[in-house]
Amino acid sequence: MIKFADPSAQYRSYKKRIDAAINRVLESEKYILGEEVEKLEDEFARYIGTSNAIGVANGTDAIEISLRALEIGVGDEVITVSHTAVATVAAIEAAGAKPVLVDVDPRFFTLDPKKLSEVLSKKTKAIILVHLYGNSGDIEGTSAFCKKNNLYLIEDVSQAHGAKWKDRRLGSIGEIGCFSCFPTKNLGAIGDAGLITTNNEEIAKKIFMLREYGWKERVSQIIGRNSRLDEIQAAILRIKLEYLDEDNKKRKILAQEYDSILSSNIVTPEVRKQTSHVYHLYVVQLDQRDRVLDYLKQQNIIAGIHYPLAVHQQPAYLNRLKTSKTLVITENLTKDIISLPIYPELPLSKVEQVANLVNKVS
């Protein structure tokens, strides 16, 4: 079987170090928000290029807590896209704010800044720019709109750990960067974990409080919640962070192999100018998508769709979200995209096999 993603393969790659780190935590008698979390926060902040990184329980919490730290909640609107993981929208609602969805551009599938003026209102407080599949969103266009309209820019970097815009890491450009460290991510834990980055010291202090009941010296000064990163996950992420750039290079090599083999009638990922793509996912557009998926499954190859339904098309959100005039590009994407297997431990020979089978049936 060729898996779409394989977190266990990465565990095996670093097994001795991960096992030793887990044992170190077990022997430490400190299991929540201890030395491992503090060291991860310091190391991740230096890697991203921010003054602060804060560990939280998961990526959804990272967005929700960031919004709360910016005092965005009931009566406020936050603009983002419908072509994203449900978590992005769920986090906005968890903070009490209203998600407003705009269409994506047809080349990179990320937020189209030209659509923002259609939904801007007096209630708009922030834009969440989702960096999709490992590729950067349109930072210049979105940043310019935020500055013009006095809005916060929040980066959702959950699919783009280590990617860059110009010479800066994603997650260091907006007011806040939010990261999921779900096991399949480029920087993935063995369980749930999340990180928040910011250069704003006051916001960082507030996020540190919000993640643990609003505590300051164990007294709740503000209304917070429980979103603590455990020591075991932090210890694992510290090890994987050391290898992140190396693993991202392996992903790029695999993507280049796909690019070189796949037929010209298949639309392969395009890399935005002045950015680096870290290929969390390798997503192509092709005709007869479902037929290709079925054929690959018959050959014991597991592919995916990111995403088979846009957020606004899903039952929980149907007919209740504010959107731009049209989401036609978003809705059309759900019909012809497919995510081919990609992860650092995947052999090039397997990529060649998958690509040739896709060519055969598409």
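Residues numbered from 1 in each chain as written. Predicted model: local features only at pLDDT ≥ 70, side-chain atom pairs only at ≥ 80, totals over all residues. Heavy atoms only, no water.

> Go over the layout of surface pockets, please, and point to the residues and values.
Approximately 430 Å³ is the volume attributed to the largest pocket. Along its surface, the largest pocket is lined by 26 residues, and Ala85, Ser158, Gln159, Ser180 and Lys185 are the ones closest to its centre. Of all elements in the fold, only helix H4 (59-69) and helix H5 (86-94) reach the threshold of two or more residues within the lining of the largest pocket. The leading source of residues in the lining of the largest pocket is H4, at three residues. A breakdown of the residues in the lining of the largest pocket according to their chemical character gives eleven nonpolar, eleven polar and four charged. (1 Å grid on protein atoms, 1.4 Å probe; cavity = no way out; pocket = protein on both sides within 12 Å on 5 of 7 lines; lining within 4 Å. Points joined across faces, edges and corners; volume = space filled by probe spheres on them. Helix = DSSP H or I, 4+ residues; strand = E, 2+ residues; numbered from the N terminus. Nonpolar A, V, L, I, M, F, W, Y, C, P; charged D, E, K, R; others polar.)

> I'd love a proper account of the nonpolar core, names of residues and values included.
In this structure, Phe44, Leu67, Val78, Ile127, Leu170, Ile196 and Ile207 are the most contacted members of the largest nonpolar core, which totals 75 residues. When neighbours within four sequence positions are excluded, Leu170 is seen to be in contact with Ile48, His131, Ser136, Ile139, Glu155, Val157, Ala160, Ala163, Lys164, Trp165 and Phe179. Leu254, Ile301, Ala355 and Val361 belong to the second-largest nonpolar core, a separate cluster that totals 28 residues. (Core = buried A, V, L, I, M, F, W, Y, C linked by side-chain atoms within 4.5 Å. Buried < 20%, exposed > 50% of the residue type's maximum accessible area, 1.4 Å probe, protein only. Contact = heavy atoms within 4.5 Å.)

> Give a description of the pattern of salt bridges that names residues and reports values.
Across all of its chains, the model carries 26 salt bridges by this definition. One salt bridge in this structure joins Lys205 and Glu202, with 3.6 Å as the shortest N-O distance. With Lys205 and Glu202 both in helix H7 (residues 201-210) and three residues apart, the pair spans about one turn of that helix. Residue Arg228 pairs with Glu212 through a salt bridge whose shortest N-O separation is 3.1 Å. Taken together, the residues span a long stretch of sequence, with Arg228 in the loop between strand S11 (219-220) and helix H8 (231-242) and Glu212 in the loop between H7 and strand S10 (215-216) at a distance of 16 residues. (Salt bridge = Lys/Arg side-chain N within 4 Å of Asp/Glu carboxyl O.)

> Requested: an account of the sheet that holds strand S3 (residues 98-102), with residues and values cited.
With mixed pairing, the eight strands of this open sheet are ordered in space as S1-S9-S8-S5-S4-S2-S3-S13. Edge strands, defined here as strands with exactly one partner in the open sheet, are strand S1 (52-56) and strand S13 (322-323). In the sheet, S3 pairs with S13 via two bridges, with the strands oriented parallel. Counted as the bridge partner of Val100 is Lys322 from S13. (Pairing = 2+ DSSP bridges.)

> Summarise unusual backbone geometry; cite the residues concerned and give the values.
Residues His306 and Tyr307 are joined by a peptide bond in cis, for which omega reads 25 degrees. As for its placement among the helices and strands, Tyr307 is situated in the loop between helix H10 (289-298) and S13. You will see that Tyr213, though not glycine, has its phi angle at about 65 degrees, which is positive. Secondary-structure assignment places Tyr213 in the loop between H7 and S10. Looking at Tyr213, the relative accessible area reads 31%, which means it is partly exposed. The backbone of Tyr279 sits at a positive phi, close to 50 degrees, despite the residue not being glycine.

> Please set out empty space enclosed by the protein residue by residue, giving values where relevant.
Throughout the structure, instances matching the rule amount to one cavity of 30 Å³ or more. Empty space within the largest cavity amounts to approximately 100 Å³. In this structure, the largest cavity is lined by 13 residues; those nearest its centre are Gln10, Lys185, Arg251, Tyr343 and Pro344. Residues of the lining of the largest cavity, tallied by class, amount to five nonpolar, three polar and five charged.

> Tell me about the environment of Lys125, and please be specific about residues and values.
With respect to the element layout, Lys125 can be found in strand S4 (residues 124-130). Sequence separation between Lys125 and Asn150 is 25 residues, and the spatial gap between their C-alpha atoms is 8.0 Å. Beyond its immediate chain neighbours, meaning those up to four positions away, Lys125 contacts Ile72, Asp76, Glu77, Leu151 and Tyr152.

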